[in-house]
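Examining the three-dimensional arrangement
Letter by letter, the chains look like this.
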Amino acid sequence: MKIKSVFFLALLILMGCQQDPANLKLPPLISDNMLLQQKAEIMIWGKASPGQKISVSASWKSSSQTKSGENGKWSVMLSTPDAGGPYTIKISAKDTSITINNVLIGEVWFCSGQSNMEMPLAGWPPVDTIMHSAKTIESASIPEIRLFNVQKNISGVPLEECTGRWEVSSPTSVKTFSATAYFFGKKLYDKLHEPIGLIESAWGGTPAESWISSGSLEHAGEFLTDLNSIKESAPLLDEYQTWLNSHKQLDVKPAGDDQWKNLVFNDENIPSPGLNDKEWPLMTLPRLFESVIGEFDGAIWFRKTVEIPQNMAGKELILSLGPIDDMDRTYFNGELVGSNEVGGLWQVERNYIIPPAMAKVGPNIISVRVLDTQGGGGIYGLPGKMKLSLKSNSSVSVPLEGDWKYQPVAELIGNKFFIYDISKNEFINRKRPKSLGPNTPTALFNAMVNPVLPFRIKGAIWYQGESNVGSAEQYGKIFPVMIQNWREAWGIKDFPFYFVQIAPYVYSNVDSTESAFLREAQEKAFQLPNTGMDVTLDIATVMNIHPPFKEEVGERLANLALAKDYGIKIPISGPVFKSMSVDGNIVKIQFDNSEGGLVLKNTGLSEFEIAGKNGKYVKAQAMIVNNEVTVSSPVIRDPVSVRYCWRNGAIASLFNGEGLPASQFRTKE
């Protein structure tokens, strides 16, 4: 009996141990290849079963211990030395030990904004390309530069974790990383000779209010209706998310060229000519599908029956669909005839060859799976682009625009696809509340900033503003709010914040002025300490909102940091309006940052305008005289005010001796 008692006691102890594992887990930001801020108190954090003893030991001889709380969360603080490495960090619990390898210590910068920050080094060809891209990618094997790309996500409440992974700079990793951020980091690395860590968190087409916390927006008195709507819809969104969670799920790969390739959503049979699609709804193409089904990211199938006439049967054809946002897999009579499954090809027109043997007279089935990962999505080109034509004679064709049957098969939320049961028409029959989108106030702060807050940074760079054009007065209020919000949320008082002034672009009209007012509003950030602005009036493509000159942008941002934070003497500003004086019908303009002399570029001083008491501006004659700019017009006898580069399409003509452009300005009456 005594032996049995001892046996059962041992068994109970063993069972107790098995029922209480440590479950030690780390967030993606704490992983191999990460880069930590030097000479700082940095946080290492994660989750475990409640009450677990956690030990953290770094190979630079800093260690700490803690216990996980009732909610399973734990964190410790470590002191980091001067820049260097590589190091290791060992994190241990009672039954688990995780070693983080290849850790460097240096300077960490957070890189955020909309599409001009997101635009990768490989560009978005064929329209949106990056100057010197190929050469830069080829020479990007720099182990001391580390990259972390926060994957896109939205949320109505602050999240604790993001998706992504630390990568060593290489030709493969930089291709899909922010070009502006990379050029910024590369310039810092070349000048400082210290490891550089870049955290990209960007989403094209998004406004500033998406990147600001709910509390800061409320305190500013902005977007209160939207914020109340988010709060009211929270229970419905939770209910919808619970419904989604009951479905089969597919995780998105963090990054890489194969991130979106060969995805399967239980939809292998959809291209089959024999598929029963009688219950599928109709959508008229071309168009962005959000105009029909509302906010949606994920995979949608489109099917259409097309009649091939006798004179096209048995001949080589071209299936033209126009551009598809973002990616596609295209089938003809159940056979794959073409695909584009790499990000950034949303402007590329799809033209696929149909072999003669597949082109049969009578009905043929075209099936296209469109995969949209952000913003608008669909087969969206101009009418007339969608057609099936003879390769030998494109004038012989069958139009494809018009009604197509469609069926969503997987919804993309954050880093997961939730797969629908198409046999039940689940998407069409679902009861979905009004959903959040990337433009929803606070949605990106919650999902793409808040999870990064525990990670210590040196500062931030920002390239955004295009999506707030038309709301300059409001932007002038909320942009400084956002900067202060981030500083307070990170708990790093007045960390450096450098931003890009939006470049000239046509917007509503090349001669309209809404972007000039937005650029002026961006300057309101100067009311805060440790801010700086990168003027881009000289490196624009007026008809393309994505200029290719990301090297110049990134290096000018880096120069701001080098001069202000690292004590390196380097020019950081072009001429800035200082004062004006009136002498008869001539206005004389004085500038700061003109010690090296004012310089004229291009064919003459352009983009100066002058106005009298009626406030109506006319084009002015301008010239450089004694390191001032004199401005006049024969139709303005009593000038009152002058403005420079105050059009959407204005391009810089005035520079200083360092080759940097003058900022736009307008004088006050």
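**What about the overall build of the protein?**
When its secondary structure is counted, the protein shows 13 helices and 36 strands. Expected size for 669 residues packed as a compact globule is a radius of gyration near 26 Å; at 29 Å, the protein falls within 12% of this value. Its C-alpha atoms give the protein principal-axis dimensions of roughly 110 × 80 × 50 Å. Counting only residues that meet the buried cut, the protein has 54% of its 669 residues in that class.

**A look at the packing of helix 5 (residues 179–192) against helix 13 (residues 550–565)**
As a packed pair, helix 5 and helix 13 sit with axes 7 Å apart at the nearest point and diverge in direction by 45 degrees. On the basis of their axis angle, the class for helix 5 and helix 13 is oblique. In terms of crossing hand, the pair formed by helix 5 and helix 13 is right-handed. Every residue of helix 13 that contacts helix 5 at Ala179, Thr180, Phe183, Phe184, Lys187, Leu188, Lys191 and Leu192 is listed here: Lys550, Glu551, Val553, Gly554, Glu555, Leu557, Ala558, Asn559, Ala561 and Leu562. A per-class count over the contact of helix 5 with helix 13 returns 10 nonpolar, three polar and five charged.

**Observations regarding the sheet that holds strand 33 (residues 628–632)**
The strand order 27-28-33-32 describes an open sheet built from four strands, whose pairing is antiparallel. Each having just a single partner strand, strand 27 (576–583) and strand 32 (621–625) make up the two edges of the open sheet. The average angle at which neighbouring strand axes cross in this sheet is 25 degrees, direction not considered. Of the pairings in the sheet, the one linking strand 28 (residues 586–592) to strand 33 comprises three bridges and is antiparallel in character. Across the sheet, residue Ile589 finds its bridge partner in strand 33, namely Val629.

**With respect to the sheet that holds strand 31 (residues 617–619)**
Overall, antiparallel pairing links the four strands, which are arranged 31-30-34-36 in an open sheet. Each edge of the open sheet carries a strand with a single partner, namely strand 31 and strand 36 (665–666). For strand 34 (residues 641–644) and strand 36, the ladder comprises two bridges, and the chain directions are antiparallel. Paired with Tyr644 across the strands is Phe665, a residue of strand 36.

**Details of the packing of helix 11 (residues 472–490) against helix 12 (residues 514–522)**
Here helix 11 crosses helix 12 at 20 degrees, and the two axes come no closer than 8 Å. With respect to helix 12, the axis of helix 11 lies roughly parallel. Crossing hand, helix 11 versus helix 12: right-handed. Residue-level inspection shows Ala472, Tyr475, Gly476 and Phe479 of helix 11 in contact with helix 12, the latter providing Phe517, Leu518, Ala521 and Gln522.

**Overview of the pairing of strand 5 (residues 73–79)**
The alternating pattern of strand 5 places Trp74, Val76 and Leu78 on a buried face and Lys73, Ser75, Met77 and Ser79 on a face that is not buried. Where strand 2 (residues 41–47) meets strand 5, seven bridges bridge the pair, whose relative direction is antiparallel. The partner of Trp45 across the bridge, within strand 5, is Ser75.

**Concerning the confidence of the model for the protein**
Scored by pLDDT, the protein comes out at a mean of 93, with 97% of its residues at no less than 70. Low pLDDT (under 50) marks residues 8–18, which in the prediction has zero contacts with non-local residues, meaning those over four places away or in another chain.

**Structural notes on the side chain of Ser201**
Within the fold, Ser201 resides in strand 10 (residues 196–202). In this structure, Ser201 is in contact with Phe110, Cys111, Ser112, Gly113, Val150, Trp211 and Met448, ignoring residues within four places of it in sequence.

**Observations regarding the pattern of salt bridges**
Under the counting rule described, the total for this entry stands at 26 salt bridges. Residue Glu609 is joined to Arg643 by a salt bridge in which the shortest nitrogen-to-oxygen separation is 2.9 Å. Of this pair, Glu609 sits in strand 30 (residues 608–611) while Arg643 sits in strand 34, and the two are 34 residues apart along the sequence. Grouping residues by exposure puts Glu609 and Arg643 together as buried.

**Looking at helix 7 (residues 224–245)**
With 22 residues, helix 7 extends 30 Å from end C-alpha to end C-alpha; this agrees with the ideal 32 Å at 1.5 Å per step. Its axis deflected by about 50 degrees at Ala234, helix 7 carries its strongest bend there, up to four residues before the proline Pro235. Within helix 7, burial applies to Leu227, Ile230, Ser233, Leu237, Tyr240 and Leu244. Buried-residue contacts for helix 7 involve helix 6 (214–220), strand 11 (249–251), strand 22 (402–413) and strand 23 (416–419).

**Quick look at the nonpolar core**
Counting 98 residues, the largest nonpolar core has Ile44, Ile89, Phe455, Trp486 and Phe608 as the members making the most contacts within it. The greatest single-element share of this core, amounting to eight residues, is contributed by helix 11. With residues near it in sequence (within four places) discarded, Ile89 still touches Met34, Leu36, Ile44, Val56, Ser57, Ala58, Trp60, Ile98, Thr99, Ile100 and Val103.

**Overview of helix 5**
Taking 1.5 Å of rise per residue, 14 residues should cover 20 Å, and helix 5 covers 20 Å from first to last C-alpha, within 8% of that figure. Within helix 5, burial applies to Ala179, Thr180, Ala181, Tyr182, Phe183, Phe184, Gly185, Lys187, Leu188, Tyr189 and Leu192. Two to three positions downstream of the cap, the backbone nitrogen of Thr180 sits 3.5 Å from a side-chain oxygen, assigning the N-cap of helix 5 to Ser178. Following helix 5 by one or two positions, His193 adopts a phi angle in the positive range, close to 55 degrees.

Conventions we followed
- Residues numbered from 1 in each chain as written.
- Predicted model: local features only at pLDDT ≥ 70, side-chain atom pairs only at ≥ 80, totals over all residues.
- Heavy atoms only, no water.
- Helix = DSSP H or I, 4+ residues; strand = E, 2+ residues; numbered from the N terminus.
- Rg over C-alpha atoms; globule rule 2.2 N^0.38 Å.
- Buried < 20%, exposed > 50% of the residue type's maximum accessible area, 1.4 Å probe, protein only.
- Axes fitted to C-alpha atoms, helices over the stretch in contact; angles between N-to-C directions.
- Parallel < 35°, antiparallel > 145°, perpendicular 65-115°, else oblique.
- Left-handed = near helix turned anticlockwise from the far one by under 90°.
- Contact = heavy atoms within 4.5 Å.
- Nonpolar A, V, L, I, M, F, W, Y, C, P; charged D, E, K, R; others polar.
- Pairing = 2+ DSSP bridges.
- pLDDT = per-residue confidence, 0-100.
- Salt bridge = Lys/Arg side-chain N within 4 Å of Asp/Glu carboxyl O.
- Expected span 1.5 Å × (residues − 1).
- Bend = angle between axes of the 7 residues up to and from the residue.
- Core = buried A, V, L, I, M, F, W, Y, C linked by side-chain atoms within 4.5 Å.
- Polar contact = N/O pair within 3.5 Å; in protein donor to acceptor, adjacent residues only side chain to side chain.

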